[in-house]
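# Working through the structure, step by step
Here is how the chains run, residue by residue.
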Amino acid sequence: MAHVITRPCCNDASCVSVCPVNCIHPTPDEPEFLTAEALYIDPETCIDCGACIDECPVEAIVPDDQLTERDEPYLQINADYYKDHDVEGGLVPPRKAPQLPDRELHVAIVGAGPAAFYAAEELVRKPAIKVDMFDRLPTPYGLVRAGVAPDHAATKGVEKTFASVAAKKNFDYYLNVEVGKHISHDELVARYHAVIYAVGAATDKRLNIEGEDLRNSVAATQFVAWYNGHPDFADLDVDLSSERAVVVGNGNVALDVARILVTDPDELAKTDIADHALAKLRESNITEVVLLGRRGVAQAAYTNSEFLALGDVEGVDVVIDPEDLVLDEGSEAALADDTLDSTIATKIRLAREFAERPQTPGNKRIVFRFLASPAGIAGDGEVTTLTCVRNAYTEADADAAGRVAVKATDERFDLETGLLLRAIGYRGVPVTDLPFDEGRGVVPNAGGRVQAATEGDVMPGLYVTGWIKRGATGGIGMNRLCGQETARAVIDDFVAGAIGDPSTPRDDVAALCADRGANRIDLAGWKAIDAAEKSAGKAAGRARAKFVSISEFEAAAAAGAQ
Ligand code: NAP
């Protein structure tokens, strides 16, 4: 018997450090960790102690004899990883925390998403480090609340980790407080030894094709925020009256939006999806969602676990034309001689399996198209047709970054559609008063220390973590290593005397923000909101019913304070 890691794996590696036989890989010190879709248990080495189960925040680990039928493919997926990965590497020895100077270290963290929390987790271990976390929203948890799909409840289990960080005596929330409006960057810098920006990647990438701004051409990032009840997007104009939606891109966001569009609303009604989205989805006419991948199946951006999960959606067929699964020469050759990376080999195997599946008349459809790019969007005021171009692998077979590349052919085809979702990635936006790398959409930094320019001098006391530090890649748990690196940079700089003491005590921060009109929500306020949402949800058999307007949040927080 062995244990198996299944779909919800968040890569935060908390399981790795408790495994007594080092059978979970890649570990954070192995190069594969940074790009791994998930972690995998070596069935040959696992001793079934179950320590990892207790540690996993998202309930992804299951003994193999308790796997449900839908999770059985993970037996092979876990085992396959060990076919082509040398796992001799040991574990990162736990870092011996340096002795802090005999005074407090005050850190402000801007943002309250996963990256913010993983940095805070590392800092609040030391009682002498005081962390104040700011977020302009009345709720914490960033994309765990506003990004993770509502039908992925297990993934939201990481909130427990974050809540235990927030419960520490040396942690304070400043929710509903906007840096730049209620308190300035300079005011933070004057009051804290270190300011860490964990503001994520707030906007979407652009296709730069004709018709992109027509009505019903919507950024998937906004659509996700809409169905997750983000207050800024509650009024998003989304029209679901056409029968076909097209999603450009095939990353996990594309799969999320496709799945939500065709899942039975009665199933979604059991989740924490926003009420306004559920109401609209109940009236939706969409029966087919086409996903356009510009490269081939071997380069598909989705993770195998998310692709596999599409097969479990009731009443939905995943449709792939076998002719569309043509491989680039390199992948074809490596697959033939069994040297292809196991994750990519699994991607191809799963797509081929799905392509063979029979379709059920009357089912809704998620259709994968590969080697196709959008060329133009037509419509009179709103989207009616997407013109696509067929792509072919280039002779060189690699772009400047060494990735398999494609070029447009002369072949075009049209897709009639009334809804186009652009799921081609998130992008960071400049942070007021910080330098910005326009090309990469990140704040230039060295291991989390902000630099005046790319490769420039470090700006003492300023740090970044998460997507604004490294770009919009990687799931939630990937932020743990990232947050730890930044937090350790703060601690090391403090110990080394590289950051100066604040010029102003931080005692006036709450009053300062209140004077500027902030209705700050603290831990008690957030707990009141959380309890009110859960209680409203319970009545309807749901985990929570989300508030979406700032006034509702403020009222719930105030009611809890009475
Ligand atoms: P992503 O994984 O980077 O995928 C972006 C997709 O857009 C790719 O298919 C990409 O193709 C395509 N694309 C980019 N520019 C394009 C263009 N100009 N024309 C056509 N296609 C274009 O981004 P994402 O889906 O937004 O996800 C962001 C991160 O969050 C990822 O690491 C993802 O795994 C993570 N995430 C995880 C989950 C989960 O675990 N369930 C859920 C949501 C998001 P190329 O590959 O050819 O560039």
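Residues numbered from 1 in each chain as written. Predicted model: local features only at pLDDT ≥ 70, side-chain atom pairs only at ≥ 80, totals over all residues. Heavy atoms only, no water.

## Considering the overall build of the protein
Condition: Here a helix means four or more residues in a row that DSSP labels H or I, a strand means two or more in a row labelled E, and each is numbered from the N terminus. Atoms considered for the radius of gyration are the C-alpha atoms alone. The globule rule reads 2.2 Å times the number of residues to the power 0.38. Per-residue accessibility, obtained with a 1.4 Å probe over protein chains only, is compared with the maximum for each type, and a residue is labelled buried under 20%, exposed over 50%, and partly exposed between these values. Any two residues having at least one pair of non-hydrogen atoms within 4.5 Å are treated as being in contact. All accessible-area figures derive from a Shrake-Rupley calculation using a 1.4 Å probe, and residue coverage is judged against the displayed protein chains alone. Residues counted as positive are Lys and Arg, residues counted as negative are Asp and Glu, and His and the chain ends are not counted. In plain terms, the charge of a residue is placed at NZ if it is Lys, CZ if Arg, CG if Asp and CD if Glu.
Within the protein, the regular secondary structure consists of 19 helices and 22 strands. Computed over the C-alpha atoms, the radius of gyration of the protein is 24 Å, within 12% of the 24 Å expected from 2.2 N^0.38 for a compact globule of 562 residues. Each principal axis of the C-alpha distribution contributes one length, and for the protein these read about 65 × 55 × 50 Å. Expressed as a percentage of its 562 residues, the buried residues of the protein come to 56%. Considering only contacts within the protein whose residues lie at least 6 apart along the sequence, 76% involve residues at least 24 apart. Put simply, the protein shows about 23,900 Å² of open surface, and 49% of that area lies on carbon and sulfur atoms. If the 55 positive side-chain charges of the protein are averaged to one point and the 90 negative ones to another, these points end up 5 Å apart.

## Description of the pairing of strand S12 (residues 288–292)
The criterion, for reference: We treat two strands as partners when DSSP finds at least two bridges between them.
In terms of residue burial, S12 counts as a mostly covered element, since five of its five residues are buried. Every second residue of S12 is oriented toward a common face, with Glu288, Val290 and Leu292 on one face and Val289 and Leu291 on the other, all of them buried. Bridge count for strand S11 (residues 244–248) against S12 is five bridges, and the pairing is parallel. Directly across from Arg244, in S12, lies its bridge partner Glu288.

## Notes on empty space enclosed by the protein
Counted only if it meets this: The method works on a 1 Å grid over the protein atoms by themselves. A cavity is a set of points holding a 1.4 Å probe that cannot get out, a pocket is an open set with protein on both sides within 12 Å along at least five of seven lines, and residues with an atom within 4 Å of a point line them. Grid points are joined across faces, edges and corners, and a volume is the space filled by probe spheres set on the points. Note on residue classes: Ala, Val, Leu, Ile, Met, Phe, Trp, Tyr, Cys and Pro are nonpolar, Asp, Glu, Lys and Arg are charged, and everything else, Gly too, is polar. Each domain's extent was defined by an automatic or database domain assignment.
In total, this model carries four cavities of 30 Å³ or more according to the counting rule given. Forming the walls of the largest cavity are 17 residues, and the residues nearest its centre are Glu37, Ala38, Tyr40, Ile77 and Asn304. Listing elements by their share of the lining of the largest cavity, those giving two or more residues are helix H3 (73–81), helix H12 (304–310) and helix H14 (342–356). Partitioned by chemical class, the residues of the lining of the largest cavity number seven nonpolar, eight polar and two charged. Residues lining the lining of the largest cavity come from more than one domain, with at least three contributed by each of domain 1 (3–81) and domain 3 (204–426).

## Thoughts on the packing of helix H4 (residues 114–123) against helix H16 (residues 478–495)
This is how it is decided: Under this scheme, a helix contributes an axis fitted over its contacting stretch, all axes are lines through C-alpha atoms, and angles between N-to-C directions fall in the 0 to 180 degree range. Under this scheme an angle from 65 to 115 degrees is roughly perpendicular, one under 35 degrees roughly parallel, and one over 145 degrees roughly antiparallel; angles in between are oblique. Throughout, a crossing is termed right-handed when the near helix is turned clockwise from the far one, and left-handed when it is turned anticlockwise from it by less than a right angle.
One can describe the packing of H4 onto H16 by two numbers: an axis separation of 7 Å at closest approach and a directional angle of 50 degrees. What the angle tells us is that H4 and H16 run oblique. Helix-helix and strand crossings are classified by hand; for H4 and H16 the assignment is right-handed. Listed contacts from H16 to Pro114, Ala115, Tyr118, Ala119, Glu121, Glu122 and Leu123 of H4 are Asn479, Arg480, Gly483, Gln484, Ala487, Arg488, Val490 and Ile491. Tallied by class, residues from the contact of H4 with H16 come to eight nonpolar, three polar and four charged.

## A look at the site of the ligand
Rule in force here: Whether a residue is near a molecule or strand depends on its heavy atoms: if one lies within 4 Å, it is near. Any N or O atom pair separated by 3.5 Å or less is treated as a polar contact, with the protein-specific requirement of one donor-capable and one acceptor-capable atom, and with residues adjacent in sequence counted only for side-chain atom pairs.
If you check the shell around the ligand, you find 21 residues, and the closest are Asn250, Val253, Arg294, Arg295 and Gly474. A distance of 3.1 Å is found between an oxygen atom of the ligand and a backbone nitrogen or oxygen belonging to Val253. Measuring from a nitrogen atom of the ligand, one finds a side-chain N or O atom of Glu306 at 3.2 Å. In isolation the ligand has 920 Å² of accessible area, and contact with the protein removes 78% of it.

## With respect to the sheet that holds strand S13 (residues 316–320)
Strand order in this open sheet of six strands is S10-S18-S11-S12-S14-S13, and the pairing throughout is parallel. Edge positions in the sheet fall to strand S10 (217–219) and S13, since each has one partner strand and no second. Neighbour-to-neighbour, the strand axes of the sheet open up by a mean angle of 20 degrees, direction not taken into account.

## Comments concerning the sheet that holds strand S5 (residues 105–110)
The seven strands lie next to each other as S7-S6-S5-S8-S22-S21-S20, forming an open sheet whose pairing is mixed. Sheet topology places strand S7 (171–175) and strand S20 (445–446) at the edges, where each strand pairs with a single neighbour. Both strand S8 (residues 194–197) and strand S22 (residues 458–464) contribute to a ladder of three bridges, which runs parallel. By the bridge assignment, Val195 is partnered in S22 with Leu462. Against the sheet, H4 makes contact with S5, strand S6 (129–135), S7 and S8, and its axis sits at roughly 165 degrees relative to S6, the strand it touches most.

## Focus: the layout of surface pockets
Each pocket or cavity is described by its volume, and for the second largest pocket that value is around 1,100 Å³. What lines the second largest pocket is a set of 45 residues, among which Pro150, Asp151, His152, Ala153 and Ala154 lie closest to the centre. Elements supplying a minimum of two residues to the lining of the second largest pocket: helix H6 (158–166), helix H10 (265–268), H12 and helix H18 (523–539). Among the elements that line the lining of the second largest pocket, the one with the most residues is H18, at five residues. Split into classes, the residues belonging to the lining of the second largest pocket amount to 19 nonpolar, five polar and 21 charged.

## Comments concerning the side chain of Arg542
Structurally, Arg542 is set in the loop between H18 and helix H19 (550–561). Classification of Arg542 by relative accessible area gives buried; the value is 10%. A distance of 3.2 Å separates a polar side-chain atom of Arg542 from the backbone oxygen of Ala269. Only 2.5 Å separates the side chain of Arg542 from the backbone oxygen of Ile273, close enough to count as a polar contact. The residues contacting Arg542, other than those within four sequence positions of it, are Ala269, Lys270, Thr271, Asp272, Ile273, Asp275 and Gly537.

## Quick look at the pattern of salt bridges
Filter applied, for reference: Any Lys or Arg side-chain nitrogen found within 4 Å of a carboxyl oxygen on Asp or Glu counts as a salt bridge.
The full count for this structure, using the stated rule, is 40 salt bridges. A salt bridge links Lys83 to Asp80, with the nearest nitrogen and oxygen atoms 3.6 Å apart. Here Lys83 falls in the exposed class, since its relative accessible area comes to 61%. What you see here is one network of salt bridges that share partners, running through Arg7, Asp151, Asp256, Arg259 and Glu306.

## What to know about the domain arrangement of the protein
Our working definition: Joining two parts hides part of their accessible area as seen by a 1.4 Å probe, and the buried area is that hidden amount summed over both.
Taken domain by domain, the protein comprises domain 1 (3–81), domain 2 (105–202 + 428–520) and domain 3 (204–426). The interface is formed by 14 residues belonging to domain 1 together with 13 residues belonging to domain 2. Between domain 1 and domain 2, the buried area comes to about 1,000 Å², and carbon and sulfur atoms account for 59% of it. Broken down residue by residue, the surface that domain 1 buries against domain 2 is led by Arg7, Asp12 and Pro57, which jointly contribute 41%. Across the domain 1-domain 2 interface, the total number found is zero salt bridges. Where domain 1 touches domain 2, the interface holds three residue pairs in polar contact (both at pLDDT 80 or more). In the side of domain 1 that touches domain 2, the residues fall into nine nonpolar, two polar and three charged.

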